[in-house]
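Chain residues, written in single-letter form:
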Amino acid sequence: MSRRPRVAVIALLAGAALLGGCVYYNGMYNTNRLAKSARKAERDGRQFEATSLWGQVITRADSLVERHPRSKYADEAKMLRGLALARLRQCPEAVGPLGTLSFIDRTDDLAEEATLALGRCRLEMGDAALADLAFVRVSESRDSARRREARFQRARALRMTGRYEEALALMREAPDPRGRNDLLLALAGTGHAAEAFALADSLLAMHDTTLGWDSVVVTLARQDPRMASALVGRLQGDPKLTPELRARRLYEDALRLASVDSASARARLEETARLPAAGESGERARLQLLRLQLGAVRTLDDLAAPGDSLAAMAGRTSGVAAEAGQMEATVARLRQLPDSAAPVVPRGDLRLFLGAEAARDTIGSPVLAAALFRRLADDWPASPYAPKALLAAERLDPTDTDASRARLDSLYADSPYLAIARGEDAPGYQLLEDSLEAYAATLLVAQPARPGQPRRPSPGVRRGAEPARPGEPMPEDVRRTRPARRSLEP
């Protein structure tokens, strides 16, 4: 090729490259111009127009990256695309292009704006820790507006990750009226009860319905359930509360108080049960009150009243009907023990032992359970399960330990259960346990079926269950009928 044609070709290629560069630059310029127009539309409150403009930004940015993936403007196009997706609340799609910012050494306005968008998306998607990493990068920005926004959002992220002290310090340093709910949560999380209550009272007076009061209560309860209960009491004064929400808050407060103040917990349950139109929470509160009543029974005759209440509750349509029905079936089985476990009934000792376990484990009455265990030893002194029953009664009611030990040593010294309690090997132990488990698995006490309900097996017993072979784990529902080894300890 002569020199002149070669020069012409080179000139042509250079012109094409220059033209392509100009086209790409113009495309980038137009994309930035659209983004600028979208921001202005947002500031002016023209949200529909802003949405349309951000959509065009995505289209233009996609085209630029696809045609020129290695251009020096490709990163900028990706940032604009991610920013536009974030503005359109398409965070799952936005975090990909915005996430590349971690590898880009840029500190200009667009990079900071995109980093803020990435942090907001991470926060919206529930990853507060990663959101915090993004906000930190902008928290010292030279732009005052972005700096304030980054610090406000970072305080939220710190609060959400449980770093209440750091969040509170940042909120005090840069107060923001949007952060009242987070401030209240941070005060609760740090245990500043007096400040939290003062702020809560002022916010209640404002009747701000956007505040997450239930989250505040839960956070405060982690510090002190009694403090949380006091806030629940304040919230109950709101005349706009629906009966269902009022009842739910009281019921959940009762559950939180149960471990620290049983009397206050019971009072909350009674308050919930008395509320008209309390709905599901009211039914649950009534069931819990019946559980407390059952836990206090001392004799089989005491089961009559709560058993009738459980039967009525099981017949109603509610979320606790099934649970009430199971408890009622257990109570009914216990009330039949005088006849079904009499000394003349074959295997009455097994039935009585399982009944005592049901009194202990299902209805939670240690006094009744201890009485039934001792009754087994009295009515069935020759039963191989008598020493196991005495050991179980001793753990529930250790008031007569000396007499119980003397009886065990004199009558049941060679019992496998006493050998196990002493830490010795007992070859007959597994055989007795398998026999008890096999009987429990086949004990199907048919309960009268209510309309719309199937017949139920006895609680703690699985229909069609096969006894486990020695060394095999028992199914969970059958295992509950088996006394724990720790119940045999002296």
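Asks: Can you help me understand the overall build of the chain in this one?
Replies: When its secondary structure is counted, the chain shows 25 helices and zero strands. In the chain, which comprises 490 residues, the proportion classed as buried is 45%. A sequence separation of at least 24 residues applies to 54% of the contacts in the chain between residues at least 6 apart. Accessible surface for the chain amounts to roughly 25400 Å². Of this, 54% is attributable to carbon and sulfur atoms.

Asks: Please explain the pattern of salt bridges as it appears in this structure.
Replies: Once their charged atoms are close, side chains differing in charge can pair, the charge on each being opposite to the other. Taken as a whole, this structure holds 41 salt bridges when the rule is applied. The residue Glu271 makes a salt bridge to Arg268 at a minimum N-O spacing of 3.1 Å. In this pair, Glu271 and Arg268 both sit in helix 14 (residues 262-274), three residues apart, roughly one turn of the helix. A residue is classified by how much of its surface remains accessible, and Arg268, at 14% relative accessible area, is buried. The partner of Glu283 in a salt bridge is Arg316, with the nearest N and O atoms 3.2 Å apart. One end of the pair, Glu283, is in helix 15 (residues 279-295); the other, Arg316, is in the loop between helix 16 (304-314) and helix 17 (321-335), with 33 residues separating them in the sequence. The exposure class assigned to Glu283 is buried, which follows from its relative accessible area of 9%. Among the ionic contacts, a cluster of salt bridges with common partners joins Arg39, Glu42, Arg87 and Glu113.

Asks: What is the right way to look at the nonpolar core in this model?
Replies: Within soluble globular proteins, side chains that are nonpolar generally end up buried alongside one another. Within the largest apolar cluster, 50 residues are counted, with the highest numbers of intra-cluster contacts made by Leu303, Leu310, Leu334, Ile363, Leu368, Leu372 and Phe373. When residues of this core are traced back to their parent elements, those giving at least two are helix 15, helix 16, helix 17, helix 19 (348-361), helix 20 (366-379), helix 21 (386-396), helix 23 (416-421) and helix 24 (429-442). If sequence neighbours within four positions are ignored, Phe373 has contacts with Phe353, Ala356, Glu357, Arg360, Ala389, Ala392, Ala393 and Leu396. Leu170, Leu204, Val216 and Met227 belong to the second largest nonpolar core, which has 30 residues in total.

Asks: So what exactly am I meant to see when it comes to the state of the cysteines here?
Replies: Each disulfide is one covalent bond, formed between the sulfur atoms of two cysteines. Scanning the model with the defined rule gives one disulfide in all. Across a sulfur-sulfur distance of 2.2 Å, Cys91 and Cys121 are joined as a disulfide pair. Residues Cys91 and Cys121 are joined through a disulfide that is left-handed, its torsion about the S-S bond being -75°. Placement of Cys91 in helix 4 (residues 91-99) and of Cys121 in helix 5 (residues 109-124) is noted, with a sequence separation of 30 residues between them. In this pair, the class of Cys91 matches that of Cys121, namely buried.

Asks: What should I look at first to understand the environment of Leu158 in this one?
Replies: Assignment of secondary structure puts Leu158 in helix 7 (residues 144-160). For Leu158 and Ala128, which are 30 residues apart along the polypeptide, the C-alpha to C-alpha distance reads 7.4 Å. Ignoring any residue separated from it by four or fewer positions in sequence, one finds Leu158 in contact with Asp132, Arg163, Tyr164, Glu166, Ala167 and Leu170.

Asks: Would you explain the packing of helix 16 against helix 17 in this entry?
Replies: For any two helices packed against each other, one specifies the inter-axial angle together with the distance between the axes. Relative to each other, helix 16 and helix 17 sit at 145°, their axes nearing to 8 Å. The handedness of the crossing between helix 16 and helix 17 comes out as left-handed. Here Ala304, Gly307, Asp308, Leu310, Ala311, Met313 and Ala314 of helix 16 come into contact with helix 17, specifically with Ala321, Ala324, Gly325, Met327, Glu328, Val331 and Arg335. For the contact of helix 16 with helix 17, the residue count by class is nine nonpolar, two polar and three charged.

Asks: Sorry, what's going on with the packing of aromatic side chains here?
Replies: To describe a pair of aromatic rings, you give the distance between the ring centres and the angle between the ring planes. Per the stated rule, a full pass over the model turns up four aromatic pairs. Ring geometry for Tyr417 and Tyr429: centres 5.6 Å apart, planes at 80°, overall edge-to-face. Of the two residues, Tyr417 is situated in helix 23 and Tyr429 in helix 24; the sequence distance between them amounts to 12 residues. You'll find Tyr417 and Tyr429 in the same group, each marked buried. In this structure, Arg178 is placed above the aromatic ring of Phe152, and the distance from its NZ or CZ to the ring centre is 4.0 Å. A cation over an aromatic ring shows up here: Arg234 above the ring of Phe197, its NZ or CZ 4.4 Å from the ring centre.

Asks: How should I be thinking about the packing of helix 11 (residues 213-223) against helix 13 (residues 243-257) in this particular structure?
Replies: At a minimum axis separation of 12 Å, helix 11 and helix 13 run at an interaxial angle of 10°. Comparing their axes, helix 13 and helix 11 come out roughly parallel. Contacts between helix 11 and helix 13 pair Trp213, Asp214, Val217, Val218 and Ala221 from the former with Leu245, Arg248, Arg249 and Arg256 from the latter. Residue classes in the contact of helix 11 with helix 13 are distributed as five nonpolar, no polar and four charged.

Asks: What's the story with unusual backbone geometry in this structure? I'm lost.
Replies: For residues other than glycine, phi is negative in most cases, and the peptide bonds are mostly trans. Unlike most non-glycine residues, Arg89 shows phi in positive territory, near 60°. Here Arg89 falls in the exposed class, since its relative accessible area comes to 61%. One non-glycine residue, Arg347, adopts positive backbone phi at about 60°. Residue position: Arg347 is located in the loop between helix 18 (337-340) and helix 19. Judged by relative accessible area, Arg347 falls into the partly exposed class, the value being 48%.

Asks: I would appreciate a short explanation of the environment of Ala265 in the present structure.
Replies: Mapped onto the fold, Ala265 is located in helix 14. Setting aside residues up to four positions removed in sequence, Ala265 forms contacts with Ala254, Leu257 and Ala258.

Asks: Honestly, helix 21 in this entry has me stumped. Any pointers?
Replies: Along an α-helix, residues three or four positions apart point the same way, because every turn accommodates 3.6 residues. In terms of burial, helix 21 is largely enclosed, as nine of its 11 residues are buried. Considered for burial, the residues of helix 21 that qualify are Ala386, Pro387, Lys388, Ala389, Leu390, Leu391, Ala392, Ala393 and Glu394.

Asks: Sorry, what's going on with the confidence of the model for the chain here?
Replies: Detail in the predicted coordinates should be disregarded across regions flagged by low pLDDT. Model confidence for the chain is summarised by a mean pLDDT of 83, while 84% of its residues fall at 70 or above. Overall, residues 7-21 carries pLDDT values under 50, and its contacts beyond four positions in sequence, including any with other chains, amount to zero contacts. Note that residues 445-490 has pLDDT below 50 and, in this model, 91 contacts with residues that lie over four places away or in other chains.

Reading guide: rules and limits
Residues numbered from 1 in each chain as written. Predicted model: local features only at pLDDT ≥ 70, side-chain atom pairs only at ≥ 80, totals over all residues. Heavy atoms only, no water. Helix = DSSP H or I, 4+ residues; strand = E, 2+ residues; numbered from the N terminus. Buried < 20%, exposed > 50% of the residue type's maximum accessible area, 1.4 Å probe, protein only. Contact = heavy atoms within 4.5 Å. Areas by Shrake-Rupley, 256 points an atom, 1.4 Å probe, with all protein chains shown as cover. Salt bridge = Lys/Arg side-chain N within 4 Å of Asp/Glu carboxyl O. Core = buried A, V, L, I, M, F, W, Y, C linked by side-chain atoms within 4.5 Å. Disulfide = S-S within 2.5 Å. Axes fitted to C-alpha atoms, helices over the stretch in contact; angles between N-to-C directions. Left-handed = near helix turned anticlockwise from the far one by under 90°. Nonpolar A, V, L, I, M, F, W, Y, C, P; charged D, E, K, R; others polar. Phe/Tyr/Trp six-rings, centres within 6.5 Å; stacked < 30°, edge-to-face > 60°. Lys NZ or Arg CZ within 6 Å of the ring centre and 35° of its normal. Parallel < 35°, antiparallel > 145°, perpendicular 65-115°, else oblique. pLDDT = per-residue confidence, 0-100.

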